[in-house]
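Chain residues, written in single-letter form:
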Amino acid sequence: MTAGAALLLLLVASLVPLGAGHLARAHQAAYGLCLGSALVLALVALVHLAAGDAARLAVLPFGLPWMAAHFRLDQLSAFFLLVINLPAAMAALYGIGYGLHAPEYRRVTPFFPLFLLGMNVVVLADDAFVFLVGWEFMSLASWLLVLSNHRDQETRRAAHLYLIMASFGGFCLLPAFGLMAGEGGDFRFEAMRAGEFGPVAGFLVVLLALLGAGSKAGLVPLHAWLPQAHPAAPSHVSALMSGVMTKVALYGLVRILFDLHGAVDWRWGAALMLIGAASAVIGVLYALMQTDLKRLLAYSTVENIGVIAISLGLALAFKDQGRQALAALALVAAFYHMLNHAAFKTLLFLGAGAVQAATHERELNRLGGLIKRMPVTAPAFLLGAMAISALPPLNGFVSEWLIFQSLFRGPELPHWTMKFGVPVVGALLALAAALAAACFVRAFGIAFLGRARSAAAAQAAEVVAPMRAALVLLAVLCVVLGVIPVTVTGALATIAEPLAGAALEPAVGLGWPWLSPADGERGSYAATVLVLAGLVLAGLLLWATRRLSPLPVRVAPSWDCGQPDPSPATQYTADSFAQPLRRVFGTRIFGARETVEMPPPGDPRPARFSLRMRDPIWQGLYLPLAAGVDWLAERINRMQFLSIRRYLMLMFLTLVVLLVVVGVRQ
Amino acid sequence: MTATLTYDLAHLIGATVLMMGFALLYQRRVSSVIRIYALQALALAAAAAWQAYIQDAPHLYLTAAIALVFKAIIVPLALSWLVRRLGMHRTIETALGIGPTLVIGVGLVALSILLVLPVTEGAAALARESLALAMSVLLLGLLMMITRRNAVTQVIGFMALENGLLLAAVSAQGMPLVVEISVAFAVLVAMILFGIFFFRIRERFDSLDVETLDPYRGDRP
């Protein structure tokens, strides 16, 4: 009831700015309404989770003529409702301040509430029709949001690619649900849950769900649209697309694989793990090579989705092999990482938006020194970067630690493929985690530390209060999720229980505050203790240095080294910082080629350094595919220029073939 | 009158319509095609009248009359007039030789019998036979449209196809009269349109071979 009212409020919010034109108040009011309804929805979800209520159903009389619209709020939906609406509320709050800075803001405000509405409907849907309507609503609204800055050629290209991929995803999900509905055509999830699939239908359902939801979530190799479309949108929309929409896609995957299908073969788990490992490593390597801050963040999303996919795949494998308790562990780890990623990726994108609002720059090589000009944004961004790099005591560490805990149990699977495969995936995940840390050291270091590399960065000013508030709240959320891991894990365990078939005990052996999902000896982590001890030690150290040092605190210019250099170009650049990793990984994967042109001695021309890279997946998969489609279209195009008699002949042959088919089938 | 005779006569008339459909395929002159078409329409009118008698459905007499007047008399006369008026070639240019066309025709008849008989298992024997015959006539008409180049023969192929439809309609009990009448009028309108069309083609290209139209299409890039 409350949730329905909040959804209606979102619809109203999308209408408010329509007639408003340039009236700033109306646009801010729309964001305010979004903030309100997102908070209400988050509260509904929290209450539902906290009370541990049974699923609540609602049947509304609209939708297809022979079928009402079914909605359902169960634990899983409530969790995703929370994952959607906490960041959404923050993005709306941010939008109150940022919305008017965004280029073409009048094209953004009406679609922002619709985007939220679509995502919420997807997780609340209880039949395939409502699910797909919500899904398409989400896709189309976000497409329009991406397209808001439509005067830019690059944006139009990105939006076009996004539309193609979104349609592809929808086309895959449609037959997946059709197969699950079976010949009776009952599209309620309840019927699908009860239904049994044959081996072929079951196989196809999983494949189509992976393609459909995977393309939306950005799993390699279907990720190509993501790093183009996410940065093209205004920052608070990018934050939601990257932090939240990918989670909605994963919700679709979890709902189908763990709930509706229910009996997925362990080989699919292995496949999902491999795809996830590839996404994680390739995503973070791409992120390391980017010099555009928002594009870097988008590629990092690909990495994190890969990490979650590894965990989901492992849960599938455990579940099919009868290790329900371990499946619960892997599933909880995946949920934890989804929640975390929603928090810190939203924070980072909003931070990037603040940087963009302050400097009108996204290019790392023209930023620098912002930590002094933006005293709130910089620490918030730093916290987000630390969280995404999985540093304790922040939230990213907990979920990756849990994922590793479940990966360590992989060899308990009976199949030799998994016994050997799981450690390999674990190694790849470790590589990705290390590279992610390097990536965010680079992102934060180049953008915020050092000296300003451009006039715009040198004159940056801190952003307005609502934007700062959103950043601070999200940073606090990252810390909170990190320091109470046992509580969060316990809550997530109740969500995972019906899906995995077993409950997870978050603190075996040691008890609160020790998070020890296996048992106390295999591994335990007490963030709360760690934080308290760290705070005490840091306080002592600070006090001691201040107290015992004979010298007063001095403030000196950065990167001075005792020899003032007027040019900021002598600092590390984004490219030079990435050079070692580019040489190790990029030469093979990206075909990175560095060339230095040195003029001969006596020639006053400057030396030139140039770097060339190619995108292996774009050039190896997408371009050939596009060429193939063109080739086929060229062939089919000939059919447009036949004579009347040939057209008649085609019709006649089709008729005869159909008649023969009917005749043979009898 | 015994049931066997009823059946045999209906079968005979239906088979005559089908025979005329075959005869259309091996004619080499336009005038004889038109004449055969008139014969087919006549047989069709007879079939409709016979069905009216055995089904005791008076409205089918009207159908028979329409078939007789329009299809067996007016349309053939109009077509002959057109052919004379246009002074066109009296021979038919085929896109596929007559032998192969007939072989395909036999195949189509076999196909429709194989298809219709199992589908209509429960229906009366008469309706089943008639439906199979009607479908054969329809497919033969379509075959004629694609294996003959001349516009006049294509039109006759279309009319023969429509005869097949009508044969199916009269043998299915309970088909409303309004459907038959509207089909009949649709054919007449089509005939008039085709006639105008012939004149236009003829004026421009001095030929009724539809292939000559192709180079003038606007949608070619």
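Residues numbered from 1 in each chain as written. Chains lettered and ligands numbered in written order. Predicted model: local features only at pLDDT ≥ 70, side-chain atom pairs only at ≥ 80, totals over all residues.

## Here we look at the overall build of chain A
Of regular secondary structure, chain A possesses 24 helices and four strands. What you see for chain A is a C-alpha radius of gyration of 26 Å, in line with the 26 Å of a compact globule of 666 residues. Along the longest, intermediate and shortest principal axes, the C-alpha atoms of chain A span 100 × 70 × 60 Å. By the burial criterion, 51% of the 666 residues in chain A qualify as buried. (Helix = DSSP H or I, 4+ residues; strand = E, 2+ residues; numbered from the N terminus. Rg over C-alpha atoms; globule rule 2.2 N^0.38 Å. Buried ≥ 20, exposed ≤ 12 C-beta atoms within 10 Å, placed from the backbone.)

## Section: the pairing of strand β4 (residues 608-612) of chain A
Residues and elements named next belong to chain A. Within β4, only zero of the five residues are buried, leaving the element largely exposed. Looking at chain direction, strand β3 (residues 593-597) and β4 are connected through five bridges and run antiparallel. Residue pairing in the sheet places Glu 597 in a bridge with Arg 608 of β4. (Pairing = 2+ DSSP bridges.)

## Regarding the interface of chain A and chain B
Contacts between the two partners involve 14 residues from chain A and, on the opposite side, 13 residues from chain B. Of the residues assigned to the side of chain A that touches chain B, the class counts are nine nonpolar, four polar and one charged. (Contact = placed C-beta atoms within 7 Å. Nonpolar A, V, L, I, M, F, W, Y, C, P; charged D, E, K, R; others polar.)

## Quick notes on helix α2 (residues 30-55) of chain B
Across its 26 residues, α2(B) extends 37 Å between first and last C-alpha, which sits within 8% of the 38 Å expected from 1.5 Å per residue. Looking one or two places after α2(B), you find Asp56(B), whose phi comes out positive at around 55 degrees. (Expected span 1.5 Å × (residues − 1).)

## Digging into helix α1 (residues 2-15) of chain A
Residue and element names in this part refer to chain A. The first and last C-alpha atoms of α1 sit 20 Å apart over 14 residues, in line with the 20 Å expected at 1.5 Å per residue. Among the residues of α1, those classed as buried are Ala 3, Ala 6, Leu 10, Ala 13 and Ser 14. Seen along its axis, α1 keeps its buried residues to an arc of 100 degrees; they face one direction. Along α1, exposed side chains directed more than 90 degrees from the buried face belong to Ala 5, Leu 8, Val 12 and Leu 15. Those residues of α1 hidden inside the fold are in contact with α2 (24-51), β2 (69-73) and α4 (111-124). (Arc of directions from axis to C-beta.)

## A look at the nonpolar core
For soluble globular proteins, the rule of thumb is that nonpolar side chains tend to be buried together. By size, the foremost hydrophobic cluster in this structure holds 231 residues, and its most contacted members are Cys34(A), Leu331(A), Val332(A), Phe335(A), Cys478(A) and Ala496(A). If you tally residues by element for this core, the top one is helix α13 (residues 324-359) of chain A, at 25 residues. Judged by nonpolar contacts, the second largest core, of 58 residues, contains Val30(B), Ala47(B), Leu79(B) and Met144(B). (Core = buried A, V, L, I, M, F, W, Y, C linked by C-beta atoms within 7 Å.)

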